[in-house]
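Spelled out from the first residue to the last, the chains are:
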Amino acid sequence: MSMVPNGGHSSAKLDIEGVRLQSASEALRAESESRRESYKKLSEQDLSRNGCDAVTDKARSEMPRENGTGAKDGEEERMLNGAGVDAGGTEPTEKDKLAQKEVEVKFIPSQNGDVHVQMELEREQAFTGMTKEELMKYANDPFWVRLRWLLFVLFWALWGAMLLGSFYIIYDAPKCVAPVPRSWWQVGPLVELDTERYADQVPAVLQYGAKGVIYKLPADETYLVETAAVAGKLKQVVSTFGTKDVKVVVDITPNFVTKDDALFVDALKDPASPAHGAFVWREQGLAPPNWLSIAEEGSAWKNASNSQYVLSQFGPDRYDLQFGSAIARDKLKQTLRALFVLGVNGVRLANAKHLIINVDGGNETPMNLEQADKSLTHTDYGFWTHKETTYRDGLGELFHELTTLVHEQSAGEAFLSVTEDILRPEVFAVNGTILPIDAPLYGNIEFDLHHGSETDVARKLRHDIENAYTTISAYSALGGTDKPWLQLRYDRASLEHIPASEYTVFHFLLPGVPVFPLDVLTKGNVSHESVATLEKFRTTPSFQHGLFNVYNDANATTIAYTRLKSGNPGYFVALNLVQGDQHTTANFSGIAGIGSELTVVMTSQNYAVPNVGVKTKVPVSAVPLSPLSALVATYVPSM
């Protein structure tokens, strides 16, 4: 804003406007807002009060003032305040009150002769606090000294309490147990070798990515592993596959010894010797129980040269050991030690249910009518219950000893298992909670798939799969850190109704380790690439540590299962058991948390749905399947 002097003698007026009523601070933003100036003519009363005539005042008003000088006392304030209270004595308005703030007015001349007016509200004096000298007066005051020490101690006490509290929380917090890494044999698969030509099978074993091979030792050689001939043969097998980083598992038959075994020879010589107690005897002249032979027709009792009957269930010149005897258990343990010295990484025992025998048992009873095969008679082995020679108490304790020995001999790398379905896992359990068989065979999965042409097979298969895993999951493996890992066995006889590719796709991703002869894959034309893909899936967290659930579709003609671990993609495996020529769509939308869409990652050889292949997305409510085909898909779990 500028003030320009006039050419004539005229009265001077200064009226300050633009002061806003809202606040004093906003009123003082004078320079940034448009202000309007006007001159107000002085009254005669004002002229008389100043004691000068109009001409003198006019001349005086034309003179520029600096910092408010050149005006009589009170005139400058009256000019700035808009003449203050009017003659009538009325109270000043809000505008007048805001204008009465102490304002510093500066007149700044410019080069062109104009005068700029700058107004500032007198700033309040800043608070500077006490000086150092003033504060030092209180430095040694007892009250402040004690207060400082109190605050100092309190600070460090609270700090220490928080530190100790954090340690306690870390110590006492529930621990998240890390998943137990899967052993080599749990990753699988395990391939059963042809004993006579295993060397020719090495290339195929490697192509199919087997983690281990199973070599079946002839039954009569079980207790000859320390002889040069048998030991040399086993060393050759271990060397052949060991150089290829493939482990060797050996099947043995521990139930009996041959007539030439040193233990049996000693038992015949001296009925009072400890060796005699390793076998099952009956006095000559007394009729033995009605136990039947497993390997041949007729009685299981044979006349021995010591004029006694001796139990021989497994064929001529083979005499049963009863492992309730310490000397029989020690003989088997010595054989296991010898096998691990030779480089073996796992052992499977044949005829496990026969290892404990009631040495004083009587006659067997027939099967009940519901369980009996009506075509059998009393001369058939299957006609009797065999309660005296199978599934006897003590099997759990025996396997606990043997499995503990195997783990100790191999630093936990090897496993002990069986070659037949254990049927009654509760008999093999210790304290009802631990199943001391690392990889049991259990359930009707293989049986159901073998009879895949029956009606309602999908529903029955689902029931049997759920039953198998529910039963086995009720037990802990030896050591208590995991569950027993099922063997998923199948052979060429299992493929009567379901082709090899479809069987393999469905079987490989069930919780467990696939076990099969090599010719199942080679003669079934299962490609190396498909097995390699399945093995890659088996290494994922969802397979190794994920949840497992099995389902039927809405029509119960198709079976599927899911594998899912939190934070990872889920796997969906479906098998269509319907035969015919028409494609079907299976509705699995009832599966909780599966989402609405699947991404196909693998199909079996029989899968031939047009425009559906790897990376194709299909709706979960309409999964397309060819007759007798299988697929593997991934999915993102829904919240």
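Okay, so let's go over this structure.

The rules we used
Counting starts from 1 at the beginning of each chain's written sequence and moves along it residue by residue. Totals for whole chains, interfaces and linings use all residues, but because this is a predicted model, local features are given only for residues with pLDDT of at least 70 and pairs of side-chain atoms are given and counted only at 80 or more. Computation of side-chain values: all heavy atoms of the structure, hydrogens and water removed. A run of H or I in DSSP counts as a helix once it spans at least four residues, and a run of E counts as a strand once it spans at least two, with each numbered from the N terminus. The aromatic pairing rule takes the rings of Phe, Tyr and Trp, using the six-membered ring of Trp, and pairs them if the centres are within 6.5 Å, calling planes under 30 degrees apart stacked, those over 60 edge-to-face and the rest tilted. Burial here depends on accessible area, computed with a 1.4 Å probe over protein chains only, as a share of the maximum for the residue type. Under 20% is buried, over 50% is exposed, and the range in between is partly exposed. Grouping buried Ala, Val, Leu, Ile, Met, Phe, Trp, Tyr and Cys residues that are joined through side-chain atoms within 4.5 Å yields what is termed a nonpolar core. Contacts are assigned to residue pairs with any non-hydrogen atoms lying within 4.5 Å of each other. Two strands qualify as a pair provided that DSSP identifies no fewer than 2 bridges between them. Simply put, an axis is a line fit to the C-alpha atoms, just over the touching stretch for a helix, and the angle between two N-to-C directions goes from 0 to 180 degrees. By this rule, a helix spans an expected 1.5 Å times one less than how many residues it contains.

### What to know about unusual backbone geometry
Here comes step 1: The linkage connecting Gly188 with the following residue, Pro189, adopts the cis geometry, with an omega of 0°.
Here comes step 2: Mapped onto the elements, Pro189 comes out in the loop between helix 8 (184-187) and strand 6 (190-192).

### Concerning the packing of aromatic side chains
Here comes step 1: Counted by the stated rule, this structure contains 27 aromatic pairs.
Here comes step 2: For the ring pair Phe155 and Trp156, a centre distance of 5.0 Å and an interplane angle of 80° mean the geometry is edge-to-face.
Here comes step 3: Since its relative accessible area comes to 48%, Phe155 is described here as partly exposed.
Here comes step 4: By relative accessible area, Trp156 is classed as partly exposed at 44%.

### Regarding the nonpolar core
Here comes step 1: Of all hydrophobic cores here, the largest spans 118 residues; its most connected members are Phe241, Phe279 and Phe506.
Here comes step 2: A per-element tally of this core places helix 16 (residues 457-473) first, with 7 residues.
Here comes step 3: Discounting chain neighbours no more than four positions away, the residues touching Phe506 are Leu449, Leu461, Ile465, Ile559, Tyr561, Val573 and Leu575.
Here comes step 4: Ala560, Ala574, Val623 and Ala633 belong to the second-largest nonpolar core, a separate cluster that totals 20 residues.

### As for the sheet that holds strand 12 (residues 308-311)
Across a sheet, paired strands are connected by hydrogen bonds in the backbone, their directions being either parallel or antiparallel.
Here comes step 1: A sheet is described by the order of its strands in space; here 3 strands give the open sequence 10-12-11, paired in antiparallel fashion. One side of each edge strand has no neighbouring strand; the edge strands of this open sheet are strand 10 (281-283) and strand 11 (301-303). With direction set aside, neighbouring strand axes in the sheet form an average angle of 30°.
Here comes step 2: One ladder, built from 3 bridges, connects strand 10 with strand 12; its direction is antiparallel. Counterpart to Arg282 in the pairing with strand 12 is Tyr309.

### Let's talk about helix 10 (residues 228-242)
Here comes step 1: Compared with the 21 Å implied by 1.5 Å per residue over 15 residues, the 20 Å span of helix 10 between its first and last C-alpha is a close match.
Here comes step 2: Within the sequence span of helix 10, burial applies to Val230, Ala231, Leu234, Val237, Val238, Thr240 and Phe241.
Here comes step 3: Here the buried face of helix 10 lies against helix 9 (202-207), strand 7 (212-216), strand 8 (247-252) and helix 12 (326-341).

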